[in-house]
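# Chains, contacts and geometry: an overview
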Amino acid sequence: MSRPAGEEEIPLARPVLGAAEEEAVRDVLRSGQLSLGPRVPAFEQAFASRLGVAHACAVSSGTAGLHLALRAVGVSDGDEVVTSPFSFVASANAAIYERARPVFADIDPRTLNLDPQAAAAAISERTTAIMPVHIFGYPADLPAFEALDVPIVEDACEALGAVHGDGVAVGGRGHPAVFGFYANKQLTTGEGGMVTTADAAIKARIDSERNQGRAPDMGWLDHDRLGFNYRLSDIASAIGLAQLERLDGMLAGRARAAASYREALADIEGLELPCEDSGGDRRGWFVFVVQLPRGRDRHATILALREHGVQSKPYLPAIHLMSLYRETYGHREGEFPVCEDVAARSIALPFFPELSEDQVERVATALRAVLQP
Ligand SMILES: Cc1ncc(COP(=O)(O)O)c(C=O)c1O
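On a predicted model such as this, the values are computed, not experimentally measured, just so you know. (Residues numbered from 1 in each chain as written. Predicted model: local features only at pLDDT ≥ 70, side-chain atom pairs only at ≥ 80, totals over all residues. Heavy atoms only, no water.)

### Describing the sheet that holds strand β1 (residues 55-59)
Filter applied, for reference: Paired strands are those between which DSSP finds at least two bridges. What counts as a helix is a DSSP run of H or I of at least four residues, what counts as a strand is a run of E of at least two, and both are numbered from the N terminus. Whether two residues touch is decided by their heavy atoms; if any such pair falls within 4.5 Å, the residues are in contact. Axis definition: a line fitted to C-alpha atoms, over the contacting stretch in the case of helices. Angles run 0 to 180 degrees between N-to-C directions.
If you walk across this open sheet you meet the four strands as β1-β7-β6-β5, and the pairing is mixed. Only two strands of the sheet have a single partner each, and these edge strands are β1 and β5 (154-155). Both β1 and strand β7 (residues 193-197) contribute to a ladder of five bridges, which runs antiparallel. Looking at β7, one finds that V59 is bridged to G193. Where helix α2 (residues 39-51) meets the sheet, its contacts fall on β1, β6 (177-180) and β7, and the angle it forms with β1 comes to roughly 130°. Against the sheet, helix α3 (residues 62-72) engages β1, β5, β6 and β7, with an angle of about 165° to β6.

This is how it looks when you write it as C-alpha coordinates:
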(Lines give C-alpha, C1' and ligand atoms only; values in the text may rest on other atoms or scores of the structure.)
Protein backbone atom coordinates (compact mmCIF):
# COMPACT_ATOMS: atom_id res chain seq x y z
CA MET A 1 0.00 0.00 0.00
CA SER A 2 1.29 3.46 -0.76
CA ARG A 3 -0.21 6.90 -0.47
CA PRO A 4 -3.54 7.26 -2.28
CA ALA A 5 -3.37 10.01 -4.94
CA GLY A 6 -4.35 13.42 -3.61
CA GLU A 7 -3.77 12.54 0.04
CA GLU A 8 -1.65 15.14 1.80
CA GLU A 9 1.70 14.15 3.29
CA ILE A 10 1.52 14.19 7.10
CA PRO A 11 4.18 16.62 8.36
CA LEU A 12 6.35 16.01 11.40
CA ALA A 13 5.25 19.18 13.16
CA ARG A 14 2.80 22.02 12.65
CA PRO A 15 2.38 25.00 15.00
CA VAL A 16 -1.04 26.26 16.11
CA LEU A 17 -1.25 29.91 15.09
CA GLY A 18 -4.35 31.98 14.51
CA ALA A 19 -6.10 35.30 14.79
CA ALA A 20 -4.77 35.99 18.30
CA GLU A 21 -1.14 35.79 17.15
CA GLU A 22 -1.89 37.86 14.03
CA GLU A 23 -3.59 40.55 16.11
CA ALA A 24 -0.73 40.55 18.64
CA VAL A 25 1.85 41.07 15.91
CA ARG A 26 -0.25 43.80 14.28
CA ASP A 27 -0.48 45.62 17.64
CA VAL A 28 3.31 45.62 17.98
CA LEU A 29 3.78 46.87 14.43
CA ARG A 30 1.26 49.67 15.04
CA SER A 31 3.02 50.61 18.30
CA GLY A 32 6.30 51.16 16.48
CA GLN A 33 8.25 49.58 19.37
CA LEU A 34 9.60 46.38 17.92
CA SER A 35 12.33 45.68 20.47
CA LEU A 36 13.17 46.51 24.12
CA GLY A 37 9.49 47.35 24.59
CA PRO A 38 6.79 46.35 27.08
CA ARG A 39 5.91 42.93 25.60
CA VAL A 40 9.21 41.41 26.74
CA PRO A 41 8.66 41.88 30.51
CA ALA A 42 4.96 41.09 30.07
CA PHE A 43 5.84 37.73 28.45
CA GLU A 44 8.47 37.04 31.13
CA GLN A 45 6.07 37.72 33.98
CA ALA A 46 3.25 35.67 32.49
CA PHE A 47 5.65 32.77 31.85
CA ALA A 48 7.16 32.88 35.36
CA SER A 49 3.77 33.05 36.97
CA ARG A 50 2.50 30.09 34.92
CA LEU A 51 5.45 27.99 36.19
CA GLY A 52 5.29 29.27 39.76
CA VAL A 53 8.83 30.65 39.74
CA ALA A 54 10.04 34.13 40.73
CA HIS A 55 11.83 35.21 37.53
CA ALA A 56 12.06 34.58 33.81
CA CYS A 57 14.44 36.05 31.23
CA ALA A 58 13.36 36.05 27.57
CA VAL A 59 16.18 35.25 25.15
CA SER A 60 16.61 34.78 21.42
CA SER A 61 16.77 30.96 21.51
CA GLY A 62 17.02 27.98 23.81
CA THR A 63 20.69 27.74 22.89
CA ALA A 64 21.30 31.36 23.93
CA GLY A 65 19.51 30.63 27.21
CA LEU A 66 21.68 27.59 27.90
CA HIS A 67 24.81 29.63 27.23
CA LEU A 68 23.78 32.44 29.58
CA ALA A 69 22.54 30.05 32.27
CA LEU A 70 25.87 28.19 32.32
CA ARG A 71 27.74 31.49 32.61
CA ALA A 72 25.40 32.56 35.39
CA VAL A 73 26.24 29.53 37.55
CA GLY A 74 29.95 30.20 36.99
CA VAL A 75 31.01 27.78 34.25
CA SER A 76 34.21 28.96 32.58
CA ASP A 77 37.57 27.91 31.11
CA GLY A 78 38.66 24.34 31.82
CA ASP A 79 35.53 23.45 33.81
CA GLU A 80 33.44 20.35 33.22
CA VAL A 81 29.69 20.15 32.75
CA VAL A 82 28.13 16.72 33.22
CA THR A 83 25.28 16.17 30.79
CA SER A 84 23.38 13.70 28.62
CA PRO A 85 24.70 12.40 25.30
CA PHE A 86 21.07 11.79 24.27
CA SER A 87 19.96 15.34 23.58
CA PHE A 88 19.93 17.98 20.92
CA VAL A 89 23.53 19.04 20.24
CA ALA A 90 22.93 22.56 21.64
CA SER A 91 22.94 21.36 25.25
CA ALA A 92 26.54 20.12 25.06
CA ASN A 93 27.67 22.90 22.72
CA ALA A 94 26.68 25.51 25.31
CA ALA A 95 29.49 24.31 27.61
CA ILE A 96 32.02 24.54 24.78
CA TYR A 97 31.07 28.20 24.20
CA GLU A 98 32.63 28.87 27.62
CA ARG A 99 35.67 26.69 26.87
CA ALA A 100 34.36 24.11 29.32
CA ARG A 101 34.19 20.41 28.53
CA PRO A 102 30.89 18.55 28.24
CA VAL A 103 31.33 15.27 30.15
CA PHE A 104 28.73 12.70 29.20
CA ALA A 105 27.13 9.99 31.30
CA ASP A 106 24.72 7.30 30.13
CA ILE A 107 20.93 7.53 30.21
CA ASP A 108 18.16 5.67 31.96
CA PRO A 109 16.68 3.13 29.50
CA ARG A 110 13.09 3.87 30.59
CA THR A 111 12.95 7.66 30.70
CA LEU A 112 15.89 8.25 28.29
CA ASN A 113 17.04 11.01 30.68
CA LEU A 114 20.52 11.35 32.19
CA ASP A 115 20.97 8.59 34.78
CA PRO A 116 21.70 10.23 38.17
CA GLN A 117 24.03 7.41 39.26
CA ALA A 118 26.04 7.58 36.05
CA ALA A 119 26.14 11.37 36.38
CA ALA A 120 27.40 11.10 39.95
CA ALA A 121 30.22 8.81 38.78
CA ALA A 122 31.22 11.37 36.11
CA ILE A 123 31.71 14.22 38.58
CA SER A 124 35.32 15.36 39.09
CA GLU A 125 37.00 18.23 40.92
CA ARG A 126 36.54 20.27 37.71
CA THR A 127 32.77 19.81 37.55
CA THR A 128 31.04 23.17 37.97
CA ALA A 129 27.57 22.22 36.75
CA ILE A 130 25.27 19.33 35.94
CA MET A 131 22.88 19.79 33.05
CA PRO A 132 20.02 17.31 33.13
CA VAL A 133 17.88 17.39 29.97
CA HIS A 134 14.13 16.73 30.22
CA ILE A 135 14.26 14.79 27.00
CA PHE A 136 11.08 14.52 24.93
CA GLY A 137 9.31 16.41 27.73
CA TYR A 138 9.75 13.70 30.38
CA PRO A 139 10.86 15.19 33.75
CA ALA A 140 14.45 14.41 34.68
CA ASP A 141 14.96 13.07 38.21
CA LEU A 142 15.77 16.46 39.75
CA PRO A 143 15.58 15.33 43.40
CA ALA A 144 18.40 12.84 42.67
CA PHE A 145 20.53 15.51 40.97
CA GLU A 146 19.86 18.00 43.77
CA ALA A 147 21.35 15.48 46.22
CA LEU A 148 24.68 15.67 44.35
CA ASP A 149 25.22 19.23 45.57
CA VAL A 150 26.57 20.62 42.30
CA PRO A 151 24.99 23.68 40.59
CA ILE A 152 22.25 22.59 38.18
CA VAL A 153 21.22 24.09 34.86
CA GLU A 154 18.14 22.36 33.45
CA ASP A 155 17.72 21.93 29.73
CA ALA A 156 13.93 22.16 29.65
CA CYS A 157 13.81 23.16 25.97
CA GLU A 158 11.49 20.23 25.20
CA ALA A 159 9.55 20.19 28.47
CA LEU A 160 7.05 23.01 28.75
CA GLY A 161 4.02 21.65 30.58
CA ALA A 162 5.89 18.82 32.33
CA VAL A 163 5.44 18.35 36.08
CA HIS A 164 7.65 16.61 38.65
CA GLY A 165 6.31 13.92 40.97
CA ASP A 166 6.20 16.41 43.85
CA GLY A 167 3.83 18.65 41.89
CA VAL A 168 6.40 21.32 40.97
CA ALA A 169 6.36 22.34 37.31
CA VAL A 170 9.51 21.57 35.32
CA GLY A 171 11.30 24.90 35.38
CA GLY A 172 9.74 25.82 38.72
CA ARG A 173 12.35 24.38 41.10
CA GLY A 174 14.48 27.51 41.06
CA HIS A 175 17.62 26.28 39.27
CA PRO A 176 18.12 28.10 36.02
CA ALA A 177 15.92 26.15 33.59
CA VAL A 178 15.93 26.86 29.89
CA PHE A 179 12.97 26.58 27.51
CA GLY A 180 13.01 26.77 23.71
CA PHE A 181 10.36 28.30 21.43
CA TYR A 182 11.41 27.06 18.00
CA ALA A 183 8.46 26.34 15.70
CA ASN A 184 8.10 22.65 16.66
CA LYS A 185 7.91 23.34 20.41
CA GLN A 186 4.85 23.25 22.72
CA LEU A 187 4.82 27.06 22.51
CA THR A 188 6.50 28.92 19.68
CA THR A 189 7.71 32.42 18.95
CA GLY A 190 9.37 31.32 15.69
CA GLU A 191 12.75 31.41 17.40
CA GLY A 192 13.13 32.21 21.07
CA GLY A 193 13.72 30.94 24.57
CA MET A 194 13.24 31.64 28.25
CA VAL A 195 15.37 31.05 31.34
CA THR A 196 13.48 30.67 34.63
CA THR A 197 15.18 31.14 37.99
CA ALA A 198 14.39 31.76 41.65
CA ASP A 199 17.53 33.88 42.03
CA ALA A 200 17.26 37.65 41.49
CA ALA A 201 21.03 37.95 40.93
CA ILE A 202 20.90 35.36 38.12
CA LYS A 203 17.93 37.19 36.60
CA ALA A 204 19.90 40.47 36.66
CA ARG A 205 23.02 38.88 35.17
CA ILE A 206 21.17 37.16 32.33
CA ASP A 207 19.13 40.29 31.57
CA SER A 208 22.38 42.22 31.28
CA GLU A 209 24.36 39.64 29.29
CA ARG A 210 21.58 39.10 26.75
CA ASN A 211 21.79 42.84 26.07
CA GLN A 212 25.50 43.42 25.43
CA GLY A 213 26.36 43.53 29.14
CA ARG A 214 24.42 46.65 29.90
CA ALA A 215 23.08 47.10 33.45
CA PRO A 216 19.44 48.24 33.71
CA ASP A 217 20.38 51.68 35.08
CA MET A 218 23.01 52.37 32.41
CA GLY A 219 22.55 54.40 29.28
CA TRP A 220 23.91 53.44 25.89
CA LEU A 221 27.39 54.65 26.62
CA ASP A 222 28.74 52.20 29.13
CA HIS A 223 28.86 48.43 29.58
CA ASP A 224 30.30 46.87 32.72
CA ARG A 225 30.63 43.26 31.52
CA LEU A 226 30.90 41.21 28.36
CA GLY A 227 27.52 40.55 26.82
CA PHE A 228 25.82 39.30 23.69
CA ASN A 229 22.85 40.18 21.57
CA TYR A 230 20.56 37.41 22.75
CA ARG A 231 17.46 39.60 23.04
CA LEU A 232 13.95 38.43 22.18
CA SER A 233 12.04 41.01 20.15
CA ASP A 234 8.68 42.50 21.09
CA ILE A 235 7.17 40.87 18.02
CA ALA A 236 8.29 37.45 19.26
CA SER A 237 7.22 38.24 22.83
CA ALA A 238 3.75 39.26 21.63
CA ILE A 239 3.41 35.93 19.80
CA GLY A 240 4.61 34.20 22.97
CA LEU A 241 1.94 35.92 25.08
CA ALA A 242 -0.78 34.87 22.63
CA GLN A 243 0.59 31.32 22.61
CA LEU A 244 0.63 31.23 26.40
CA GLU A 245 -3.10 32.00 26.38
CA ARG A 246 -3.76 28.87 24.34
CA LEU A 247 -1.07 26.69 25.94
CA ASP A 248 -3.45 24.48 27.92
CA GLY A 249 -5.40 23.65 24.77
CA MET A 250 -2.23 22.91 22.79
CA LEU A 251 -0.82 20.67 25.54
CA ALA A 252 -4.14 18.82 25.76
CA GLY A 253 -4.07 18.33 21.98
CA ARG A 254 -0.60 16.79 22.16
CA ALA A 255 -1.60 14.54 25.07
CA ARG A 256 -4.65 13.37 23.13
CA ALA A 257 -2.55 12.62 20.03
CA ALA A 258 -0.08 10.67 22.20
CA ALA A 259 -2.88 8.59 23.73
CA SER A 260 -4.24 7.83 20.25
CA TYR A 261 -0.80 6.72 19.03
CA ARG A 262 -0.34 4.52 22.08
CA GLU A 263 -3.52 2.67 21.25
CA ALA A 264 -3.00 2.56 17.49
CA LEU A 265 0.60 1.28 17.69
CA ALA A 266 0.17 -1.16 20.59
CA ASP A 267 0.03 -4.28 18.40
CA ILE A 268 3.23 -3.71 16.38
CA GLU A 269 5.65 -6.34 17.58
CA GLY A 270 8.98 -5.13 18.91
CA LEU A 271 8.11 -1.44 18.54
CA GLU A 272 8.93 0.47 21.75
CA LEU A 273 6.74 3.43 22.66
CA PRO A 274 7.61 6.42 24.89
CA CYS A 275 7.49 5.50 28.59
CA GLU A 276 4.27 6.06 30.52
CA ASP A 277 4.17 8.63 33.31
CA SER A 278 5.24 7.16 36.62
CA GLY A 279 5.70 8.19 40.27
CA GLY A 280 3.63 11.33 39.76
CA ASP A 281 5.98 12.66 37.04
CA ARG A 282 3.99 14.03 34.12
CA ARG A 283 5.36 14.44 30.61
CA GLY A 284 4.82 17.69 28.74
CA TRP A 285 4.28 16.07 25.35
CA PHE A 286 6.69 17.40 22.72
CA VAL A 287 7.45 14.62 20.22
CA PHE A 288 6.25 11.06 19.75
CA VAL A 289 9.44 9.04 19.36
CA VAL A 290 9.36 5.28 18.92
CA GLN A 291 12.24 2.83 18.91
CA LEU A 292 12.16 0.44 15.98
CA PRO A 293 12.45 -3.30 16.60
CA ARG A 294 16.12 -4.39 16.76
CA GLY A 295 17.63 -5.29 13.41
CA ARG A 296 15.40 -2.98 11.38
CA ASP A 297 17.00 -0.68 8.81
CA ARG A 298 15.98 2.75 10.07
CA HIS A 299 16.90 4.63 6.93
CA ALA A 300 14.87 2.23 4.77
CA THR A 301 11.95 2.48 7.21
CA ILE A 302 11.94 6.27 6.97
CA LEU A 303 12.03 6.15 3.16
CA ALA A 304 9.22 3.58 3.10
CA LEU A 305 7.08 5.70 5.43
CA ARG A 306 7.64 8.62 3.09
CA GLU A 307 6.24 6.50 0.26
CA HIS A 308 3.11 6.16 2.37
CA GLY A 309 2.90 9.92 2.82
CA VAL A 310 4.24 9.94 6.38
CA GLN A 311 7.17 12.13 7.41
CA SER A 312 9.54 10.79 10.08
CA LYS A 313 13.16 11.35 11.06
CA PRO A 314 15.94 9.81 13.14
CA TYR A 315 15.68 11.49 16.52
CA LEU A 316 18.01 11.94 18.32
CA PRO A 317 21.55 11.02 17.22
CA ALA A 318 24.04 10.50 20.07
CA ILE A 319 26.01 13.71 20.59
CA HIS A 320 29.29 12.04 21.54
CA LEU A 321 29.38 10.21 18.19
CA MET A 322 29.05 13.39 16.11
CA SER A 323 32.18 14.32 14.17
CA LEU A 324 32.97 17.43 16.23
CA TYR A 325 32.83 15.41 19.45
CA ARG A 326 34.75 12.42 18.10
CA GLU A 327 37.48 14.66 16.73
CA THR A 328 37.73 17.07 19.66
CA TYR A 329 37.32 14.67 22.59
CA GLY A 330 38.14 11.27 21.06
CA HIS A 331 34.73 9.74 21.72
CA ARG A 332 34.02 6.31 20.22
CA GLU A 333 31.20 3.77 19.98
CA GLY A 334 30.65 1.71 23.10
CA GLU A 335 31.10 4.43 25.70
CA PHE A 336 27.41 4.94 26.49
CA PRO A 337 25.68 1.73 25.41
CA VAL A 338 22.13 2.63 26.48
CA CYS A 339 22.25 5.95 24.66
CA GLU A 340 23.81 4.39 21.56
CA ASP A 341 21.21 1.62 21.36
CA VAL A 342 18.31 4.07 21.72
CA ALA A 343 19.84 6.66 19.37
CA ALA A 344 20.32 4.02 16.65
CA ARG A 345 16.67 2.89 16.70
CA SER A 346 14.62 6.02 17.39
CA ILE A 347 12.37 7.78 14.93
CA ALA A 348 10.06 10.73 15.51
CA LEU A 349 6.57 10.37 14.03
CA PRO A 350 4.29 13.25 12.98
CA PHE A 351 3.17 14.97 16.17
CA PHE A 352 1.34 18.23 16.80
CA PRO A 353 -1.75 19.39 18.73
CA GLU A 354 -4.12 19.20 15.77
CA LEU A 355 -3.02 15.76 14.56
CA SER A 356 -6.33 14.08 13.73
CA GLU A 357 -7.47 10.57 14.61
CA ASP A 358 -7.49 9.86 10.91
CA GLN A 359 -3.86 10.93 10.57
CA VAL A 360 -2.85 8.80 13.58
CA GLU A 361 -4.57 5.86 11.92
CA ARG A 362 -2.77 6.55 8.63
CA VAL A 363 0.60 6.65 10.41
CA ALA A 364 -0.17 3.39 12.27
CA THR A 365 -1.32 1.66 9.10
CA ALA A 366 1.80 2.80 7.26
CA LEU A 367 4.11 1.69 10.06
CA ARG A 368 2.40 -1.69 10.25
CA ALA A 369 2.68 -2.13 6.47
CA VAL A 370 6.39 -1.26 6.56
CA LEU A 371 7.34 -3.30 9.63
CA GLN A 372 4.98 -6.27 9.18
CA PRO A 373 4.49 -6.58 5.39
C1 LIG B 1 16.93 19.44 24.25
C2 LIG B 1 17.15 20.73 23.50
N3 LIG B 1 18.13 21.56 23.92
C4 LIG B 1 18.36 22.73 23.31
C5 LIG B 1 17.62 23.13 22.22
C6 LIG B 1 18.00 24.40 21.54
O7 LIG B 1 16.94 25.31 21.42
P8 LIG B 1 16.94 26.37 20.23
O9 LIG B 1 16.72 25.63 18.95
O10 LIG B 1 15.77 27.26 20.58
O11 LIG B 1 18.22 27.12 20.26
C12 LIG B 1 16.60 22.30 21.74
C13 LIG B 1 15.72 22.66 20.63
O14 LIG B 1 15.85 22.73 19.52
C15 LIG B 1 16.38 21.06 22.38
O16 LIG B 1 15.43 20.21 21.93
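### Some points on the site of the ligand
Which entries qualify depends on this criterion: For this description, a residue counts as near a given molecule or strand if any of its non-hydrogen atoms is within 4 Å of it. What qualifies as a polar contact is a pair of N or O atoms within 3.5 Å, subject to a donor-acceptor requirement within protein and to the restriction that residues adjacent in sequence count only when both atoms come from side chains. Accessible surface area values rest on a Shrake-Rupley calculation with a 1.4 Å probe, where residue burial reflects the displayed protein chains alone. In this count, Pro and Cys sit with the nonpolar residues alongside Ala, Val, Leu, Ile, Met, Phe, Trp and Tyr, while Asp, Glu, Lys and Arg are called charged and the others, Gly among them, polar.
Around the ligand, a shell composed of 13 residues is seen, among which G62, T63, D155, E158 and K185 lie nearest. In the model, an oxygen atom of the ligand is placed 2.4 Å from a nitrogen or oxygen of the T63 side chain. Residue D155 places a side-chain N or O atom 2.7 Å away from a nitrogen atom belonging to the ligand. Burial of the ligand by the surrounding chains reaches 92%, relative to a free accessible area of 390 Å². Along the lines of polarity and charge, the residues of the shell around the ligand split into five nonpolar, five polar and three charged.

### Quick look at the pattern of salt bridges
The cut-off we apply is this: A side-chain nitrogen of Lys or Arg and a carboxyl oxygen of Asp or Glu constitute a salt bridge if their distance falls within 4 Å.
Scanning the model with the defined rule gives 27 salt bridges in all. Note that E9 and R306 form a salt bridge whose closest N and O atoms lie 2.6 Å from each other. Of the two residues, E9 is situated in the segment before α1 (19-31) and R306 in helix α10 (residues 298-307); the sequence distance between them amounts to 297 residues. Note that R26 and E22 form a salt bridge whose closest N and O atoms lie 3.7 Å from each other. With R26 and E22 both in helix α1, this residue pair falls four residues apart, about one helical turn. What you see here is one network of salt bridges that share partners, running through R71, D77, E98, R99, R205, E209 and R225.

### Thoughts on the nonpolar core
The cut-off we apply is this: Buried Ala, Val, Leu, Ile, Met, Phe, Trp, Tyr and Cys residues that are joined via side-chain atoms within 4.5 Å together make up what is termed a nonpolar core. Exposure is judged per residue with a 1.4 Å probe applied to protein chains only, and the accessible area is read against the type maximum: over 50% gives exposed, under 20% gives buried, and values in between give partly exposed.
The biggest cluster of nonpolar side chains holds 27 residues, and the ones touching the most others in it are Y261, L265, L271, F288, L349 and L367. Those elements that provide at least two residues to this core are α9 (247-265), β8 (288-291), α10, β10 (346-349) and α13 (357-371). The element best represented in this core is α13, accounting for seven residues. Core analysis: the second largest hydrophobic core is formed by 26 residues, V40, F43, A56 and L244 among them.

### So, the packing of aromatic side chains
What describes a pair of aromatic rings is the distance from one ring centre to the other and the angle between the planes of the rings. Put simply, the test is: A pair of aromatic rings is counted whenever rings of Phe, Tyr or Trp (Trp by its six-membered ring) have centres within 6.5 Å, and the orientation is called stacked for planes under 30 degrees apart, edge-to-face for over 60 and tilted otherwise. When the NZ atom of lysine or the CZ atom of arginine is within 6 Å of a ring's centre and also within 35 degrees of its normal, the charge is said to sit over that ring.
Tallied over the full model, the rule gives 14 aromatic pairs. Joined through ring pairs, the aromatic side chains of F43, F47, F179 and F181 make up one cluster. The cationic tip of R283 hangs over the ring face of W285; the distance from NZ or CZ to the ring centre is 4.6 Å.

### Considering the packing of α1 against helix α8 (residues 234-245)
Rule in force here: Each angle is binned into one of four classes, with values under 35 degrees roughly parallel, values over 145 roughly antiparallel, values of 65 to 115 roughly perpendicular, and all other values oblique. Should the near helix be turned anticlockwise from the far one by less than a right angle, the crossing is termed left-handed; should it be turned clockwise, right-handed.
In contact at an axis separation of 8 Å, α1 and α8 are set at 150° when each is read in the N-to-C sense. With respect to their mutual orientation, α1 and α8 come out roughly antiparallel. Considering the relative orientation of α1 and α8, their crossing is right-handed. In this structure, α1 uses A20, E21, A24, V25, V28 and L29 to contact α8, whose residues at the interface are D234, I235, A238, I239, A242 and Q243. Across the contact of α1 with α8, the residue classes tally to nine nonpolar, one polar and two charged.

### So, the sheet that holds β10
The three strands are arranged β8-β10-β9 in an open sheet whose pairing can be described as antiparallel. With one partner strand each, in any of the chains shown, β8 and β9 (313-314) form the two edges of the open sheet. With two bridges joining them, β9 and β10 adopt antiparallel strand pairing. Bridging across to β10, K313 finds its partner in A348. In the packing of α9 onto the sheet, contacts are made with β8 and β10, and the angle to β8 comes to roughly 25°. Relative to the sheet, helix α12 (residues 337-345) contacts β8 and β10, its axis offset from that of β10 by approximately 45°.

### Notes on the environment of A198
Turning to its location among the elements, A198 is positioned in the loop between β7 and α7 (200-209). Spatially, the C-alpha atoms of A198 and G270 are 44 Å apart, while their sequence positions differ by 72 residues. The residues touching A198, leaving out its near neighbours within four places in the chain, are V53, A54, H55 and G174.

### Observations concerning the side chain of D234
For the record, the criterion: His residues and chain termini do not enter the charge count, which takes Lys and Arg as positive and Asp and Glu as negative.
Take D234: it is sitting in helix α8. Despite its burial, D234 remains without a salt bridge, the nearest opposite charge being carried by R39 at 4.9 Å. A polar atom in the side chain of D234 sits 2.8 Å from the backbone nitrogen of G37. For D234, the side chain forms a polar contact with the main-chain nitrogen of R39, separated by 3.0 Å. Not counting the four nearest positions on each side in its chain, D234 is found in contact with V28, Q33, L34, S35, L36, G37, P38, R39 and V40.

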